[in-house]
Amino acid sequence: MTKAQNFETILYREEGAVGIITLNRPDDCNMFTPPMCREIRDCIEAIRNETRTRVVVLTGAGDRFFCIGGRKNELADTNLYPGVVPTLEMYEAIDRLQKPVIAAVNGYAVGGGNVLQMVCDMTIAKESAVFRQVGPMMGSFDAGYGTWYLEDLVGKKKAKEIWFCNPKMTAHEALSLGLVNRVVPDAEFWDRTMAFANETAQRGAYALAGVKASFNARHQGVVGLSRVTHDLVLPLYYKTEEARELGASFNDKRVPDTSKFGH
C-alpha cells in the first residue's frame, strides 16, 4: 500500500509511524456501506504487511459523526449470502492486526459505530461525543463483538442495560463506565489524539503485538491461541539452535543431535 492510496469511501494517510484511516462519508453520518467495510478491511490488511506503521488511528470525517453504523438494506447487499454483513470482516481485521488501533471518536458513535470503537484497542473521545446502541429500537442487533466486548468493558449488567434500554451516553459517562480511555476538549482533540498515538508508537512493536494477541486470544479459542503461536512464538523458535539443527539434519537426511537442547 502506498502512503496515499486512493479509496472511494475512506481516506488513508501516514504521519510518521501513525497510519490514519478516516471514514469519509460525512454527508451520510459516515455510515457503513459494503464498499466501506471492505476498504477498511483491505487497508488494515495492507498495514499488517508493512513495517512503517506502528499505530493506527481510526476516525470519522467532519466534526459531528464518528460513525452511526449502517442501513440494513445496504448491509444486506453482500457478495456472500443473505444475512452475512461485511462489518464482521472489518472487525476481524482490526482484531487480527498486530498493531494497536486507536479510535478517535469525533462525534456520534452509534450502533455499529459504537461497536467499531469498542473493537479498537483504545478510544479517545472529544467532550461533545455521544455513544449509543440503537439496534433493538430499529430492528437490529450485534451479537458477538458488540456484546462480548461491551461486557468486557462495562460489566454484564451494564452491557445488558445499554443493549436493552438504549441510553444515550455522553463522553464523560462513557469514560466513567470504561467504554473509552480518555476524554479531551474538542479544541484539543486531534493534537491530543496524535500525541497519544505517537507515544504508543514508541513502545516495542513486538511487545505490543504479543500483548494484543494475548488479550484477544481469550475470545477466539483455537484461532486466538494459533495466532499467538504463529505470529509470535514460532518466529522466535525458528531462530533457536534447536530449530536450525532439526532443519539441517532433515535436509541432510541424518539423525539430529538434540542432546544439548534438553530443558
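The structure displayed is predicted, hence computed values, not measured ones.

Thoughts on the overall build of the chain
Along its length, the chain carries 11 helices and 10 strands. Taking the intrachain contacts of the chain between residues at least 6 apart in sequence as the baseline, contacts between residues at least 24 apart amount to 67%. A total of about 13,700 Å² of accessible surface is found on the chain, and carbon and sulfur atoms cover 56% of it.

A look at the pairing of strand 3 (residues 55–60)
Extensive coverage of strand 3 is indicated by the burial of 6 of its 6 residues. Of the two faces of strand 3, the one lined by Val-55, Val-57 and Thr-59 and the one lined by Val-56, Leu-58 and Gly-60 are each fully buried. By the bridge criterion, 6 bridges tie strand 2 (residues 18–23) to strand 3 in an arrangement that is parallel. Bridging across to strand 3, Val-18 finds its partner in Val-55. This β-α-β element, strand 2 to helix 1 (residues 34–48) to strand 3, shows right-handed connectivity.

Here we look at the environment of Val-105
Within the secondary structure layout, Val-105 lies in strand 5 (residues 101–105). Accessibility expressed as a relative area gives 0% for Val-105, which makes it buried. Residues Val-105 and Val-183 lie 78 residues apart in sequence; the distance between their C-alpha atoms is 9.5 Å. With residues near it in sequence (within four places) discarded, Val-105 still touches Phe-66, Gln-117, Thr-123, Ile-124, Ala-125, Lys-126, Ala-129, Phe-131 and Phe-189.

Some words on the packing of helix 1 against helix 3 (residues 87–96)
Between helix 1 and helix 3, the least distance of the axes is 8 Å, while the angle of their chain directions is 20 degrees. Considering their axes alone, helix 1 and helix 3 lie roughly parallel with respect to each other. Here helix 1 and helix 3 pass one another in a crossing that is left-handed. Counting all contacts with helix 1, which are made through Cys-37, Ile-40, Arg-41, Ile-44, Glu-45 and Arg-48, the residues of helix 3 involved are Thr-87, Glu-89, Met-90, Ala-93, Ile-94 and Arg-96. Each residue belonging to the contact of helix 1 with helix 3 can be placed in one class, and the counts come to 6 nonpolar, 1 polar and 5 charged.

Points about the nonpolar core
Grouped together as the largest cluster of nonpolar side chains are 46 residues, with contacts concentrated most on Ile-21, Leu-116 and Phe-131. With 6 residues, helix 1 is the largest single contributor of residues to this core. Listed in part, the 13 residues of the second largest apolar core include Ala-104, Ile-124, Phe-189 and Ala-197.

Looking at the environment of Val-110
With respect to the helices and strands, Val-110 occurs in strand 6 (residues 108–110). Classification of Val-110 as buried rests on a relative accessible area of 12%. Sequence separation between Val-110 and Val-134 is 24 residues, and the spatial gap between their C-alpha atoms is 7.1 Å. Not counting the four nearest positions on each side in its chain, Val-110 is found in contact with Cys-67, Ile-68, Gly-69, Arg-132 and Val-134.

A few points about the packing of helix 6 (residues 145–154) against helix 7 (residues 156–165)
Relative orientation of the contacting elements helix 6 and helix 7 amounts to 130 degrees, with a least axis distance of 7 Å. Overall, the two elements helix 6 and helix 7 adopt an arrangement that is oblique. Viewed along their axes, helix 6 and helix 7 form a crossing whose handedness is right-handed. Residue-level inspection shows Gly-146, Thr-147, Leu-150, Glu-151 and Val-154 of helix 6 in contact with helix 7, the latter providing Lys-156, Lys-158, Ala-159, Ile-162 and Trp-163. Considering only residue class, the contact of helix 6 with helix 7 consists of 5 nonpolar, 2 polar and 3 charged.

Examining the state of the cysteines
Inspection of every chain in the model, using the stated rule, returns 0 disulfides. Left without a disulfide partner, Cys-37 is nearest to the cysteine sulfur of Cys-67, which lies 8.3 Å away.

Things to note about the sheet that holds strand 5
Read from one edge of the open sheet, 6 strands run 1-2-3-5-7-10, paired in mixed fashion. Looking along the sheet, the strands with just one partner apiece sit at the ends: strand 1 (10–15) and strand 10 (182–184). Strand-to-strand twist in this sheet, taken as the mean axis angle between neighbours without regard to direction, amounts to 20 degrees. Packed on one face of the sheet, helix 1 meets strand 1, strand 2 and strand 3 and runs near 20 degrees to strand 1.

The rules we used
- Residues numbered from 1 in each chain as written.
- Predicted model: local features only at pLDDT ≥ 70, side-chain atom pairs only at ≥ 80, totals over all residues.
- Heavy atoms only, no water.
- Helix = DSSP H or I, 4+ residues; strand = E, 2+ residues; numbered from the N terminus.
- Contact = heavy atoms within 4.5 Å.
- Areas by Shrake-Rupley, 256 points an atom, 1.4 Å probe, with all protein chains shown as cover.
- Buried < 20%, exposed > 50% of the residue type's maximum accessible area, 1.4 Å probe, protein only.
- Pairing = 2+ DSSP bridges.
- Right-handed = clockwise from strand over helix to strand, strands pointing away.
- Axes fitted to C-alpha atoms, helices over the stretch in contact; angles between N-to-C directions.
- Parallel < 35°, antiparallel > 145°, perpendicular 65-115°, else oblique.
- Left-handed = near helix turned anticlockwise from the far one by under 90°.
- Nonpolar A, V, L, I, M, F, W, Y, C, P; charged D, E, K, R; others polar.
- Core = buried A, V, L, I, M, F, W, Y, C linked by side-chain atoms within 4.5 Å.
- Disulfide = S-S within 2.5 Å.

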